[in-house]
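# Summary of the model geometry
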Amino acid sequence: MQLTKVRLQNFGPYEDSTFELSSGLIGIVGPNGSGKSTLVNGIYACLTNDFSRFDGRKSGIIRDTAGEKDKSSVVVCGEHQGVQFQLIRSLRPNSSKLIMGDFSFTKATDIEKHLFRDLGLNRKLIDAY
């Protein structure tokens with residue numbers, strides 16, 4: 001699985017930021033408090049639907065200055081064996097969606113099944129980081 005893009009919207013310190021990712025080793029640098037860990041933990045949360053790195057509460061990571069009705073989400077895009085995918089974890093409104101080629105999944109069990117079986121996500125590997 002190759003991640004190609006991450007978008008954070010009203011997530012931690014990010015109002016609306018998109019990061020293009022290249023293949024190979026990626027370094028993330030910046031001053032303390034700039035959102036480096038939030039970016040990495042946001043990718044983890046999106047891929048696993050495990051927000052425990054944010055005190056276990058999705059609502060706790062929504063940007064403080066976001067309005068009550070403003071959307072908040074993490075979107076991870078990528079490719080695996082020629083199949084393009086987009087995984088969307090919305091905190092507000094609370095929903096998830098995996099778009100994989102011409103298919104779209106919103107049920108949590110279907111998303112998890114396709115992430116592991118079809119897109120090569122390895123939970124042991126990702127938990128190590």
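Keep in mind the model is a prediction, meaning the values are calculated, not measured.

Criteria and cut-off values
Residues numbered from 1 in each chain as written. Predicted model: local features only at pLDDT ≥ 70, side-chain atom pairs only at ≥ 80, totals over all residues. Heavy atoms only, no water. Buried < 20%, exposed > 50% of the residue type's maximum accessible area, 1.4 Å probe, protein only. Helix = DSSP H or I, 4+ residues; strand = E, 2+ residues; numbered from the N terminus. Pairing = 2+ DSSP bridges. Core = buried A, V, L, I, M, F, W, Y, C linked by side-chain atoms within 4.5 Å. Contact = heavy atoms within 4.5 Å. Phe/Tyr/Trp six-rings, centres within 6.5 Å; stacked < 30°, edge-to-face > 60°. Lys NZ or Arg CZ within 6 Å of the ring centre and 35° of its normal. Axes fitted to C-alpha atoms, helices over the stretch in contact; angles between N-to-C directions.

### Let's talk about the pairing of strand S3 (residues 72-80)
Regular strands have side chains that alternate between both faces of the sheet. With 8 of its 9 residues buried, S3 lies for the most part within the structure. With 7 bridges connecting them, strand S1 (residues 2-11) and S3 associate as antiparallel partners. For Lys-5, the partnering residue across the bridge sits in S3 and is Cys-77. As paired strands, S3 and strand S4 (residues 83-92) are joined by 9 bridges and run antiparallel to one another. Note that in S4 the partner of Gly-78 across the bridge is Phe-85.

### Thoughts on the nonpolar core
Core analysis: the biggest nonpolar cluster contains 29 residues, and Phe-11, Leu-47, Val-76 and Leu-98 have the highest contact counts within it. It is helix H1 (residues 36-48) that contributes the most residues to this core, 6 residues altogether. For Val-76, the residues in contact, after removing those within four places along its chain, are Leu-3, Lys-5, Val-6, Ile-43, Cys-46, Leu-47, Phe-85, Gln-86 and Leu-87.

### A few points about the packing of aromatic side chains
Taken as a whole, this structure holds 3 aromatic pairs when the rule is applied. Here Tyr-14 and Phe-19 contribute two aromatic rings whose centre-to-centre distance is 5.6 Å and whose plane-to-plane angle is 85°, an arrangement assigned as edge-to-face. Overall, Tyr-14 belongs to the buried group, its relative accessible area being 10%. By relative accessible area, Phe-19 is classed as partly exposed at 26%. A ring pair is formed by Phe-51 and Phe-54, whose centres lie 6.4 Å apart and whose planes are at 40°; its orientation type is tilted. Overall, Phe-51 belongs to the buried group, its relative accessible area being 5%. Residue classification places Phe-54 among the buried positions, given a relative accessible area of 11%. Through pairs of rings, three or more aromatic residues link up here, namely Phe-11, Phe-51 and Phe-54. The residue whose ring lies beneath Arg-53 is Tyr-44, and the NZ or CZ to ring-centre distance is 3.7 Å.

### Some details on the sheet that holds S1
The sheet built from 6 strands is open, its strands ordered S2-S1-S3-S4-S5-S6 with antiparallel pairing. At either end of the open sheet lies a strand with only one pairing partner, and these are strand S2 (14-20) and strand S6 (103-105). Along the sheet, successive strands turn relative to each other by an average axial angle of 10°, direction set aside. In this fold helix H2 (residues 108-117) packs onto S4, strand S5 (95-100) and S6, with an angle of close to 40° to the strand it touches most, S5.

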